Number of protein chains: 4
Amino acid sequence: MCKKLKIGVIGLGRIGQIHLANLCRHMPETEVVIASDLSVSTHDIARNMGVQNLSTDASEVIDHPDVEAVIICSPTSSHVPYTIAAAKQNKHIFCEKPLDISLSGIQQTQKVVEAHGVKLMLGFNRRFDANFNQVRESVLSGRVGQPHILRITSRDPSPPPISYLKKSGGIFLDMSIHDFDMARFIVGSEVMEVYVKGDALIQPEIKEFGDIDTAIIVLTFENGAMAVIDNSRKAVYGYDQRLEIFGSKGMAKAENNTPHNTQFYAETGIHGAPPLHFFLERYQQAYRTCLETFVACITKDYPSPIDCQDGLMATAIGIAAMKSLSENRPVKMQEVLESIPSI
Amino acid sequence: MCKKLKIGVIGLGRIGQIHLANLCRHMPETEVVIASDLSVSTHDIARNMGVQNLSTDASEVIDHPDVEAVIICSPTSSHVPYTIAAAKQNKHIFCEKPLDISLSGIQQTQKVVEAHGVKLMLGFNRRFDANFNQVRESVLSGRVGQPHILRITSRDPSPPPISYLKKSGGIFLDMSIHDFDMARFIVGSEVMEVYVKGDALIQPEIKEFGDIDTAIIVLTFENGAMAVIDNSRKAVYGYDQRLEIFGSKGMAKAENNTPHNTQFYAETGIHGAPPLHFFLERYQQAYRTCLETFVACITKDYPSPIDCQDGLMATAIGIAAMKSLSENRPVKMQEVLESIPSI
Amino acid sequence: MCKKLKIGVIGLGRIGQIHLANLCRHMPETEVVIASDLSVSTHDIARNMGVQNLSTDASEVIDHPDVEAVIICSPTSSHVPYTIAAAKQNKHIFCEKPLDISLSGIQQTQKVVEAHGVKLMLGFNRRFDANFNQVRESVLSGRVGQPHILRITSRDPSPPPISYLKKSGGIFLDMSIHDFDMARFIVGSEVMEVYVKGDALIQPEIKEFGDIDTAIIVLTFENGAMAVIDNSRKAVYGYDQRLEIFGSKGMAKAENNTPHNTQFYAETGIHGAPPLHFFLERYQQAYRTCLETFVACITKDYPSPIDCQDGLMATAIGIAAMKSLSENRPVKMQEVLESIPSI
Amino acid sequence: MCKKLKIGVIGLGRIGQIHLANLCRHMPETEVVIASDLSVSTHDIARNMGVQNLSTDASEVIDHPDVEAVIICSPTSSHVPYTIAAAKQNKHIFCEKPLDISLSGIQQTQKVVEAHGVKLMLGFNRRFDANFNQVRESVLSGRVGQPHILRITSRDPSPPPISYLKKSGGIFLDMSIHDFDMARFIVGSEVMEVYVKGDALIQPEIKEFGDIDTAIIVLTFENGAMAVIDNSRKAVYGYDQRLEIFGSKGMAKAENNTPHNTQFYAETGIHGAPPLHFFLERYQQAYRTCLETFVACITKDYPSPIDCQDGLMATAIGIAAMKSLSENRPVKMQEVLESIPSI
């Protein structure tokens, strides 16, 4: 067997556990040599997966001499410092989204990562979904023609607890950021302007801390395309993840996935399965392919498909969206990007 | 057999011919006693349908002593004068959309119509489409719950000639106006604000006279719902007429109709029929039901389901859309409605 | 307007009323000058459609000097005598299926019809359904390649009353006969052998008079294709009318039609409309196109698309099916066809 | 981590490699301690998966002291001797289908397996497919009501080489046997009678050794249900694996799965993905769940869900099908089952 890539995992929350399970159960070409989480209550989960070294201190992961790559799944505020520390130790980095909520933080990270020549890949896992890939392929191959209208529907089955929302950075950086990245991925051009209409129709109380749960976001791209994203924190029928790109030559359209492909014909009509419940189910394979791609980037020395620049743009669109919502006007991306200090 | 309702038809262009054919071929409870069109070249078409009385003068239709109801299919600018003339003769009126491009014209018409107690019904035929009716029923019955997001996709298979576009009143009053009416019909609330992003991606030359061919329109409703309409003048795959309303309890979704319900499985994949080509095909039954409803309003003395107020609001949203496009900002409906002189 | 084709209708039961309504409401190129039914209770229905001449005697229709074509919708046992009588009067004939339950009766009819040079068209209306036509087109054009397997699902929403069933001629001549005709229409070859497995799973009491309500019918064709038809008298979800033809180059597949094309997404899953309820709804347009084709055959002097030979073969397959069921063995068509006396 | 189940794999052909990859890559709760194949050329594949012990002699696997369970993927003729040998060594057994082509061989095996109290599970992997499970659940829960008609479509994308076909045991024991097991699984009753119509429409030359490539199989069940299976060795559009069960209360229907859930709308119509190419893709997850179930049977001491009796019945239906084809008549299962010598 080939030599296994030695990996350290930082953060064993919901998303950390997904990555850990994929590494331990389905990626025998890797070995998780150490994992960390502030809460020791998560350590047993990792031990049951076969991880022998556990710590409450992320620096033990980063500094571990055997670790060749780190997977950062800790809270957003720690992404930049851990990434920079790992880069300085010449470790490759897979970091969950968003890389940061400040553009200058992202730019600073980018400099360090490039200086040390390590791989950095961001966890925009949806890029590895078979449906969205197929749609993108239709654009790249020219079948769609010149892109005119992109529609993304992205709705969660139920909102997270208020306590989570308060620290989430708001719907745009927490939830819509995936859609911003997807819009760039599909259209293949940069966003020029953002307009948002939104409201708290599900949990009016979140307005108190400036958040919303329902949004329509209009993006205008450099290549002339327009996109509209609709977000909701609560679709009672499940996780709604569809998109379609309409162009001068045709339209490519991705539908939801379902747990099975059967229908029941009753007196009351035809009944089919609702969409897969949430991201764990829907993006199960995408999460795996995403990590496998990261590993392949390292072992076969490919460039990272999702780099700092992608993180920067997704966050910048999120900042523009917040501005548009609060000022009820379209916001040019230039307004946001100009705010970055030239380093 | 019951006594036939005596009808006069004004305007024998594309849409006039649809109504005439429905009356003559499929509505034996009516009789078209006279029809008019400025162009005598259309008169033979009507004669072949069995209309014996033809004129180039609309007033002969309006003044014809046997005529109980008029169908107005002439150019938009004549809608108000013909409607008012007919009302004054105590004739019932079916008038094509838009009733007028000026709000004051519509208000004036409304006064006259009400004063004479005649029925006025506007030709927003899509309200009679089986799919959209089913969706609306889901809202009315409460199955959808509180409406949050309405999405309308409305795309034509190919743009009309430039010569037509120049006189069309622009995409919003010519094409999107159907979608504005549909949005009000489905959501069951009044629009408060309009934001538009649009461009001429298909025929850049139409920008010269201020028109566009691709638009994203965001509407905000009094009941908190938001709607997004996407319009294109050219969908190569055919007439794309879909909508979905997403609410607190579920989502109702109308798909396109197709000429047949078959699929072909080949080595290259599964091939299905494109949507019905254009409005003649897609709304064939809706046009018929629409006219039948008008006739039933008269013979059974029901109130008109689509009245002056509906015409006023659809035009007003169109005016707000034009303003939003040219000023690149959200426009409150109040700004537009306040401009109507109190009569 | 063109001269109207003068038509007489014999039989004003369920199917007679469908044809009458199509003629009177939607086919202004025809005029129903007389109609007959043994039961005077049906006469008012025809009068309300505008038929002025009514009789209890079919021969008054056949002998009426103005009548150019007769539509025969009376019970099966009268089809042959009325057809022969009409042919002898040089009237064109549209006759409901089956032409007869005896092969010699059909052959005798064929001779008379041919001798008088009148058109005879049988009411296998499903041949005019848009879905089935599209599938047939896929075979004719060669897209399907050499046909291998045809599957027809044909299920009624609920069984007719026992009293009707007793006189129906059995499921094969009453219900499956449409599928036998369809199988020949799609495969484009003659049936060589029939095998049936059947049972009375819905109404066991009908076994007493030798009938069944659930059947699997296997047909083998001269060109090598095999077909399987499944029939049920009771599909609780509505009228199930699907078929697919699988060949060396691909498969063409016709799905059910539904009253509308919308879906509802609820917590319990995705709900769509059941198939159109029954033949009146499903074949509404096919019935109309069928009669229009008959009229066009006469006025434009085309050959009838569904002639005596088609009636003969459909009945012969039905007779073979009955034999197969009672003897539980495959029956060669030759066994059945040889029984016809050479006339 | 829990103690790993020690497994030996016999046969490293196509299907053996599937099981081996699942064990080595995705089932860390197991350890493959030894594998065998007559052809050493396959040994490297196993070594690359991490299997250290390789042999050309199956008895080394069976006799290996650490092996707790064997996976038998060698040619059919060896299934019985290897199973019996393993049972005598008190090893649990997972055996590929068919267990044997002779009913007496299966019965003898059953006796030995029961005598040694080991688990025996047969590889009817399709029982673990999410679609078919969902359909079965609809039957078990009573939603379908009394089952009336089962339809199975089971078509391969392309035929195996003639050399394989010659040794395959014929289409019924090689290919349809999966459908026979599925029919019993879904209907939940035993088959009473079998009728087959078949031909070699794709490769006429296989008739020389008595095989066919296209078949319609009618099964009658003890509970009154009827089933029809259609098989083809060559569906140009891919692996076609659908079924539907129609009953007194409704119908449950399983459609094909596709590699992605997107559509392309072009001028030429709507294009979707063909079904997943073949069994490796379609039943990828089912293969895994199947083996996981086998492991759980052992570690949690559940009864095997697919035992000798299931193997016996599937083979017996295959034998009846061969008899029906050659004698062109329905064959009672009793005729076949009576032939088993009472042991």
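Every value quoted in this text rests on a predicted model; they were computed, and no experiment measured them.

Between chain B and chain A, the superposition needs a rotation of 180° and an axial shift of 0.0 Å, giving an RMSD of 0.0 Å. This pairing of chains is accounted for by a two-fold axis. Residue B:R329 of chain B places its C-alpha closer to the rotation axis than any other residue of that unit, at 2.9 Å. A share of 100% of interface residues in chain B that are also interface residues in chain A marks the association as one of identical surfaces.

Moving on to the relation of the copies chain C and chain B. Here the two chain copies are tied together by a rotation about an axis and a shift along that axis. For the match of chain C to chain B, the screw axis carries a shift of 0.1 Å, the RMSD comes to 0.1 Å, and the turn is 180°. By residue overlap, the copies meet face to face through one surface: 100% of the interface positions of chain C are interface positions in chain B.

The subject of this paragraph is the sheet that holds strand 3 (residues 54-55) of chain D. Residues and elements named next belong to chain D. Taken together, the six strands give an open sheet; going across it, the order is 3-2-1-4-5-6, and neighbouring strands pair in parallel fashion. Only two strands of the sheet have a single partner each, and these edge strands are strand 3 and strand 6 (120-122). Across two bridges, strand 2 (residues 30-36) lies against strand 3 in parallel orientation. Looking across to strand 3, one finds that A35 is bridged to L54. Packed on one face of the sheet, helix 10 (residues 284-299) meets strand 1 (5-10), strand 2, strand 4 (69-72), strand 5 (92-95) and strand 6 and runs near 165° to strand 5.

Sites flagged by UniProt as "domain: Gfo/Idh/MocA-like oxidoreductase N-terminal" (unreviewed entry) map to residues 5-124 of chain A. Secondary structure across residues 5-124 of chain A divides into 41% helix and 22% strand, with the first and last C-alpha atoms of the span separated by 22 Å.

A word on the pattern of salt bridges. Counted under the stated rule, the structure contains 104 salt bridges over all chains. Residues A:R184 and A:E190 are paired through a salt bridge, measuring 2.8 Å at the closest nitrogen-oxygen approach. Judged by its relative accessible area of 23%, A:E190 is partly exposed. One salt bridge in this structure joins C:D44 and C:R47, with 2.8 Å as the shortest N-O distance. Taken together, the residues span about one helical turn, with C:D44 and C:R47 both in helix 2 (residues 43-48) at a distance of three residues.

Okay, the interface of chain B and chain A next. Across the boundary between the two partners, chain B contributes 40 residues, which contact 40 residues of chain A. The largest contributions to the chain B side of the interface with chain A come from B:R151, B:M226 and B:F246, which together make up 19% of the buried area. Salt-bridge contacts for A:D230 lead to B:R151; the nearest nitrogen and oxygen are separated by 3.5 Å. Scanning the region where chain B abuts chain A turns up 12 residue pairs in polar contact (both at pLDDT 80 or more). Those elements that place two or more of their residues in the side of chain B that touches chain A are strand 7 (147-155), strand 8 (191-199), strand 9 (214-221), strand 10 (226-232), strand 11 (240-247) and strand 12 (251-254) of chain B. Tallied by class, the residues present in the side of chain B that touches chain A amount to 14 nonpolar, 11 polar and 15 charged.

As a further point, take the sheet that holds strand 2 (residues 30-36) of chain B. Residue and element names in this part refer to chain B. As summarised here, the arrangement of the six strands in space is 3-2-1-4-5-6, forming an open sheet in which the pairing is parallel. Each having just a single partner strand, strand 3 (54-55) and strand 6 (120-122) make up the two edges of the open sheet. Running at roughly 145° to strand 2, helix 1 (residues 14-26) makes contact with strand 1 (5-10), strand 2, strand 4 (69-72) and strand 5 (92-95) of the sheet. Docked against the sheet, helix 10 (residues 284-299) engages strand 1, strand 2, strand 4, strand 5 and strand 6, running at close to 165° with respect to strand 5.

With that out of the way, let us pick up the confidence of the model for chain A. For chain A, mean pLDDT is 96; residues scoring 70 or higher make up 99% of the total. In the predicted complex, the global pTM is 0.95; the interface-specific ipTM is 0.95.

Residue and element names in this part refer to chain B. At their nearest, the axes of helix 6 (residues 130-140) and helix 8 (residues 171-187) sit 8 Å apart, and the two run at 35° to each other. Between helix 6, through F132, N133, V135, R136 and V139, and helix 8, the contact on the second element is made entirely by M182, F185 and I186. Its residues assigned to classes, the contact of helix 6 with helix 8 shows six nonpolar, one polar and one charged.

Quick look at the packing of aromatic side chains now. Residues and elements named next belong to chain A. The final tally for this structure, using the stated rule, is 34 aromatic pairs over all chains. Pairing Y239 with Y283 gives two aromatic rings, centres 5.9 Å apart and planes at 85°, and the pair type is edge-to-face. One end of the pair, Y239, is in the loop between strand 10 (226-232) and strand 11 (240-247); the other, Y283, is in the loop between helix 9 (279-282) and helix 10 (284-299), and 44 residues separate them in sequence. The buried category is assigned to Y239, whose relative accessible area is 3%.

The linkage connecting C:K97 with the following residue, C:P98, adopts the cis geometry, with an omega of -10°. As for its placement among the helices and strands, C:P98 is situated in the loop between strand 5 (92-95) and helix 5 (103-116). Located in the positive-phi region is C:D301, a residue other than glycine, with phi close to 55°. Note on placement: C:D301 falls in the loop between helix 10 (284-299) and helix 11 (308-327). The phi dihedral of D:N90 falls on the positive side, at around 60°, and the residue is not glycine. Position of D:N90 among the secondary structure elements: in the loop between helix 4 (79-88) and strand 5. On the accessibility criterion, D:N90 (48% relative accessible area) is partly exposed.

Residues and elements named next belong to chain A. Domain boundaries in chain A define domain 1 (5-125 + 285-304) and domain 2 (127-282 + 313-337). The gap between the C-alpha centroids of domain 1 and domain 2 is 26 Å. Taken together, the 17 residues of domain 1 in the interface contact 16 residues of domain 2. In total, about 1,500 Å² of surface goes out of reach between domain 1 and domain 2, with carbon and sulfur atoms giving 70% of it. Summed over the three residues of domain 1 that lose the most area to domain 2, namely K97, L103 and F124, the buried surface amounts to 40% of that side. Our count for the contact surface shared by domain 1 and domain 2 stands at zero salt bridges. The interface formed by domain 1 and domain 2 holds five residue pairs in polar contact (both at pLDDT 80 or more) in total. Contributions of two or more residues to the side of domain 1 that touches domain 2 are made by helix 1 (14-26), helix 5 (103-116) and helix 10.

A few words on the interface of chain C and chain B. Taken together, the contact pairs 35 residues of chain C with 36 residues of chain B. Buried area between chain C and chain B, summed over both chains or domains, comes out near 2,700 Å², and the portion from carbon and sulfur atoms is 50%. Of all residues in chain C, C:R25, C:N261 and C:F264 bury the most surface against chain B, accounting for 24% of the area lost on that side. Applying the counting criterion to the chain C and chain B interface returns two salt bridges. Close ionic contact of C:E29 with B:R25 constitutes a salt bridge, the shortest N to O distance being 3.4 Å. Linking chain C to chain B there are 19 residue pairs in polar contact (both at pLDDT 80 or more). Contributions of two or more residues to the side of chain C that touches chain B are made by helix 1 (14-26), helix 2, helix 6 (130-140), strand 12 (251-254), strand 13 (262-266) and helix 10 of chain C. Along the lines of polarity and charge, the residues of the side of chain C that touches chain B split into 14 nonpolar, 13 polar and eight charged. When strand 13 (residues 262-266) of chain B meets strand 12 of chain C, the two strands line up antiparallel, connected through four bridges. In the sheet register, B:Y265 faces strand 12 of chain C, and the bridge partner there is C:M251.

Scoring rules and cut-offs
Residues numbered from 1 in each chain as written. Chains lettered and ligands numbered in written order. Predicted model: local features only at pLDDT ≥ 70, side-chain atom pairs only at ≥ 80, totals over all residues. Heavy atoms only, no water. Least-squares fit on C-alpha atoms with pLDDT ≥ 70 in both. Contact = heavy atoms within 4.5 Å. Pairing = 2+ DSSP bridges. Helix = DSSP H or I, 4+ residues; strand = E, 2+ residues; numbered from the N terminus. Axes fitted to C-alpha atoms, helices over the stretch in contact; angles between N-to-C directions. UniProt positions renumbered as here; feature names shortened; annotations may be inferred. Salt bridge = Lys/Arg side-chain N within 4 Å of Asp/Glu carboxyl O. Buried < 20%, exposed > 50% of the residue type's maximum accessible area, 1.4 Å probe, protein only. Buried area = accessible area lost by both parts, 1.4 Å probe. Polar contact = N/O pair within 3.5 Å; in protein donor to acceptor, adjacent residues only side chain to side chain. Nonpolar A, V, L, I, M, F, W, Y, C, P; charged D, E, K, R; others polar. pLDDT = per-residue confidence, 0-100. Phe/Tyr/Trp six-rings, centres within 6.5 Å; stacked < 30°, edge-to-face > 60°. Domains from an automatic or database assignment.

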